[in-house]
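# Survey of secondary and tertiary structure
For reference, the chains in residue letters:
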Amino acid sequence: MKKTLITLFTLIFAIVTVACSITPKSNLQPKDSNIVKHVEASSIYLTFEQLLDAATDIIKGKCVDMVEYVSYTEYKFSVLERYIGEDTGSTISIRVPKKEYSVSDNISVHNSAATDITYNKNNSYFLVLLRFVSVYLEHDVYINVGADLYLPANDLSKCSIYGESLSKHSTLNTENITTFENSLCDSFNSRKNNNSPKFIGTDYIKTNDLKTIIKSSDYILKIRVLNEVHVGVAEDRNTFECSVISSLKGDVGEKTTVCITFPKDSVTKDDECIVALYEITDVTPRSFVFSSKNSLFETSKISDIMQYLNEI
């Protein structure tokens, strides 16, 4: 299945290319899901209700740990209640970028600073999130959906958005926690049948079984690694131009030059290897990403690979 290439809004682009290191200029369509249609967060105003509708996940969580990085702070949360979103385990990681931006609602300008969202360890919060999935990430990454939402579960009077009281940008009742939680549940119920996506990014094959990887991947290419491109853009991967020696699966011509994104430092120039891939569409030259975390093979594996390809 080919993956659709779209451009994300400015804030998310900054987060995924610097903090999460998603493939430059691309947000790839997950299998069996639709892409979230987002707007440019640096210039478009959204109400709280609109942000709820844009989220992939809404949870109540307890902050249990935090780590500072150069471009972001990563918080670990224990999930207490999940209102919207796929169950990915009892803990999730949320990244808050150290970035400033402005949003205008045609009445006033709301400025955001890196210190506007700070979670305190052992405190509980309502979290309105976007979930990012990538084969190159160590684990799924969540970010706040935007607007500097800050929703402490133990004191709704301190809930804020755009640095102001939540009530200024929402019609929801925030005076009672039960009423507020019911509103989050209502948001879930209103989205049950509208095919909302479970995540942003590309799903991938989650196995180290060679047979499954070969059969489920769209392309199996034997390649020679050429020059690195997009140097320094991502922290967890390298993208190289590669010359196709042979196409074992998929319609890629021999001696064609393609771009392939590899896990960080997994190959060097002039290496020859076999890779299992998905394609990014509408890109020149043709560009590919790994179909699994175990998509890189030594050329000595070709006999096993051909055996499984012959079974298809």
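Source: prediction; values computed, not measured. (Residues numbered from 1 in each chain as written. Predicted model: local features only at pLDDT ≥ 70, side-chain atom pairs only at ≥ 80, totals over all residues. Heavy atoms only, no water.)

### Focus: the pairing of strand 17 (residues 272-280)
Where burial is concerned, most of strand 17 is hidden: eight out of the nine residues are buried. Pairing geometry for strand 14 (residues 219-229) and strand 17, over six bridges, is antiparallel. Along strand 17, the bridge assignment pairs Ile223 with Cys273. Where strand 17 meets strand 18 (residues 287-290), four bridges bridge the pair, whose relative direction is antiparallel. (Buried < 20%, exposed > 50% of the residue type's maximum accessible area, 1.4 Å probe, protein only. Helix = DSSP H or I, 4+ residues; strand = E, 2+ residues; numbered from the N terminus. Pairing = 2+ DSSP bridges.)

### Considering the nonpolar core
Counting 36 residues, the largest nonpolar core has Ile223, Ile260, Phe262, Val275 and Ile305 as its most contacted members. Where this core is concerned, the elements lending two or more residues are helix 4 (210-216), strand 14, strand 15 (237-249), strand 16 (257-263), strand 17, strand 18 and helix 5 (302-310). In terms of residue count, strand 17 provides more of this core than any other element does, seven residues in total. Grouped together as the second largest cluster of nonpolar side chains are 28 residues, Leu51, Leu130, Ile161 and Tyr162 included. (Core = buried A, V, L, I, M, F, W, Y, C linked by side-chain atoms within 4.5 Å.)

### Thoughts on the side chain of Ser292
Tracing the sequence through the fold places Ser292 in the loop between strand 18 and strand 19 (296-297). What makes Ser292 buried here is its relative accessible area of 0%. In terms of polar contacts, Ser292 uses its side chain to reach the backbone amide nitrogen of Asn294, at 3.0 Å. Residues in contact with Ser292, not counting those within four places in the same chain, are Val135, Tyr204, Ile205 and Ile213. (Polar contact = N/O pair within 3.5 Å; in protein donor to acceptor, adjacent residues only side chain to side chain. Contact = heavy atoms within 4.5 Å.)

### Here we look at the pattern of salt bridges
Taken as a whole and assessed by the stated rule, the structure comprises 12 salt bridges. When the shortest N-O distance is used, the salt bridge between Arg131 and Glu86 registers 2.8 Å. Of the two residues, Arg131 sits in strand 8 (residues 124-133) while Glu86 sits in the loop between strand 4 (72-84) and strand 5 (91-97), which places them 45 residues apart along the sequence. Owing to a relative accessible area of 7%, Arg131 belongs among the buried residues under this scheme. For Asp140, the salt bridge goes to Arg131, with nearest N and O atoms at 3.0 Å. Bridged by salt links that share partners, the residues Glu86, Arg131 and Asp140 form one connected network. (Salt bridge = Lys/Arg side-chain N within 4 Å of Asp/Glu carboxyl O.)

### Points about the pairing of strand 4
Bridging between strand 3 (residues 57-68) and strand 4 involves 10 bridges; their strand directions are antiparallel. Each residue of the ladder has a partner; that of Met66, found in strand 4, is Tyr75. Two strands pair when backbone bridges link them, and strand 4 and strand 5 are joined in this way by seven bridges, in the antiparallel orientation. Residue pairing for strand 5: Lys76 is matched across the bridge by Ser93. The antiparallel hairpin formed by strand 4 and strand 5 contains six residues in its connecting segment, where Gly85 sits at a positive phi of about 125 degrees.

### A word on the environment of Glu138
Relative to the helices and strands, Glu138 resides in the loop between strand 8 and strand 9 (141-144). Sequence spacing of Glu138 and Asp236 is 98 residues, and the spatial spacing of their C-alpha atoms is 9.1 Å.

### Looking at the packing of aromatic side chains
Aromatic ring pairs are described here by two measures, namely the spacing of the ring centres and the angle between the planes. According to the stated counting rule, one finds 15 aromatic pairs in the structure shown. Measuring from ring centre to ring centre gives 6.3 Å for Tyr83 and Phe126, while their planes differ by 40 degrees; the resulting arrangement is tilted. A residue pair is termed long-range when its members are at least 10 positions apart, and Tyr83 in strand 4 and Phe126 in strand 8 qualify at 43 residues. Here Tyr83 and Phe126 have matching classes, each one buried. Taken together, the ring pairs in this structure connect Tyr75, Phe77, Tyr119, Tyr125 and Tyr150 into an aromatic cluster. Taking NZ or CZ as reference, Lys206 lies 4.3 Å from the ring centre of Tyr204, over its face. (Phe/Tyr/Trp six-rings, centres within 6.5 Å; stacked < 30°, edge-to-face > 60°. Lys NZ or Arg CZ within 6 Å of the ring centre and 35° of its normal.)

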